[in-house]
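Chain residues, written in single-letter form:
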Amino acid sequence: STLMLPGDEAPLTEGWEIADRLDGLIELVLDGGYCGTEPTSVIDLTALPPALVRAGRGALEPFGLD
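So, here is what we can say about the structure in this document. What you are looking at is a predicted structure, and each value in this text was computed from that prediction instead of being measured.

Details of the environment of A51
Thinking step 1. Tracing the chain through its elements places A51 in strand β2 (residues 51-54).
Thinking step 2. The class of A51 is partly exposed, set by a relative accessible area of 36%.
Thinking step 3. With twelve residues separating them along the chain, A51 and F63 place their C-alpha atoms 8.9 Å apart.
Thinking step 4. Setting aside residues no more than four positions away along its own chain, A51 makes contact with V42, I43, D44 and L65.

Here's the deal with the pairing of β2
Thinking step 1. Two strands pair when backbone bridges link them, and strand β1 (residues 42-44) and β2 are joined in this way by three bridges, in the antiparallel orientation. Paired with D44 across the two strands is A51, which belongs to β2.
Thinking step 2. In this antiparallel pair of consecutive strands, β1 and β2, the connection spans six residues.

Calculation notes
Residues numbered from 1 in each chain as written. Predicted model: local features only at pLDDT ≥ 70, side-chain atom pairs only at ≥ 80, totals over all residues. Heavy atoms only, no water. Helix = DSSP H or I, 4+ residues; strand = E, 2+ residues; numbered from the N terminus. Buried < 20%, exposed > 50% of the residue type's maximum accessible area, 1.4 Å probe, protein only. Contact = heavy atoms within 4.5 Å. Pairing = 2+ DSSP bridges.

Spelled out as structure tokens, the structure:
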């Protein structure tokens with residue numbers, strides 16, 4: 001996972017760090033392991049079908065997106 005927050009000089013790249021920084025603002029971070037600093041995909045799983053919020057690194061097919 002990657003996340004670039006306003007004011008940060010580098011993206012967060014650890015799932016636990018993203019969850020800690022956004023505590024209470026998001027429901028879940030799926031940690032797929034280290035992926036570098038390339039932006040990852042963001043998928044909204046709160047509705048069916050899932051909605052792609054940001055296309056990036058990571059397979060979309062498991063979520064029914066392509």
